[in-house]
Amino acid sequence: MNIECRTPTVDEYLEIRKTTNWWDVNRSATEDALKASIFSAVAVENETVIEFGRIVGNGGLYFYIQDLIVRPEYQNKGIGKSLMSELMAFIKDNAKQGAFVGLMAAQGVAKYYEAFGFKVRDATASGMFQVI
């Protein structure tokens, strides 16, 4: 397995989403979103993207870990930690003091992200989201 600091193709991105049963997204919007990423990395094995992660935001005050996706057959094997370490190295090298780094995590994986310095938001600091 190799980690490559590159954006996946639209086909690679859409295909890996399907393996994890993430909702369908518009192809054109996906292309625009991937182009707007601040930083992306993929884990590749046998010329197949097995994991993907990217950073979005404004590159100044706000950075968000987005779309950290691992194919199910590769989950719980430590591959995610390597890719997450790559994303966090980029943030460490580029975020200035006071920058906010956020992410949305699936239920039950908070401890995974705590190992990278993230904290669960206080219950009084609710967040909201909407999927169109």
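Placed above this text is the structure.
Residues numbered from 1 in each chain as written. Predicted model: local features only at pLDDT ≥ 70, side-chain atom pairs only at ≥ 80, totals over all residues. Heavy atoms only, no water.

(A) Summary view of the side chain of Glu51. Looking at the element boundaries, Glu51 is found in strand β3 (residues 48–57). With no salt bridge to any partner, buried Glu51 finds its closest opposite charge in Arg71, at an N-O distance of 10 Å. Of note is the side chain of Glu51, whose polar atom sits 3.4 Å from the backbone nitrogen of Gly80. Aside from chain neighbours lying at most four places away, what touches Glu51 is Ile16, Ala41, Val42, Ala43, Leu68, Ile69, Val70, Ile79, Gly80 and Leu83. (Helix = DSSP H or I, 4+ residues; strand = E, 2+ residues; numbered from the N terminus. Buried < 20%, exposed > 50% of the residue type's maximum accessible area, 1.4 Å probe, protein only. Lys, Arg positive; Asp, Glu negative; His and termini not counted. Salt bridge = Lys/Arg side-chain N within 4 Å of Asp/Glu carboxyl O. Polar contact = N/O pair within 3.5 Å; in protein donor to acceptor, adjacent residues only side chain to side chain. Contact = heavy atoms within 4.5 Å.)

(B) Summary view of a nonpolar patch on the surface. Where nonpolar side chains cluster on the molecular surface, the patch consists of Leu61, Tyr62, Tyr64 and Phe100 and spans about 380 Å² of accessible area. Position of Tyr62 among the secondary structure elements: in strand β4 (residues 62–70). Take Tyr62: its relative accessible area is 39%, and that puts it in the partly exposed class. (Patch = residues over 30% accessible without salt bridge, like charges linked within 9 Å, V, L, I, M, F, W, Y side chains within 5 Å. Areas by Shrake-Rupley, 256 points an atom, 1.4 Å probe, with all protein chains shown as cover.)

(C) Structural context of helix α1 (residues 10–19). Three or more residues of α1 are buried, namely Val10, Tyr13, Leu14, Ile16 and Arg17. Axial view of α1: buried residues confined to an arc of 165 degrees, hence all on one face. Of the residues one or two after α1, Asn21 is the one with positive phi, at around 60 degrees. (Arc of directions from axis to C-beta.)

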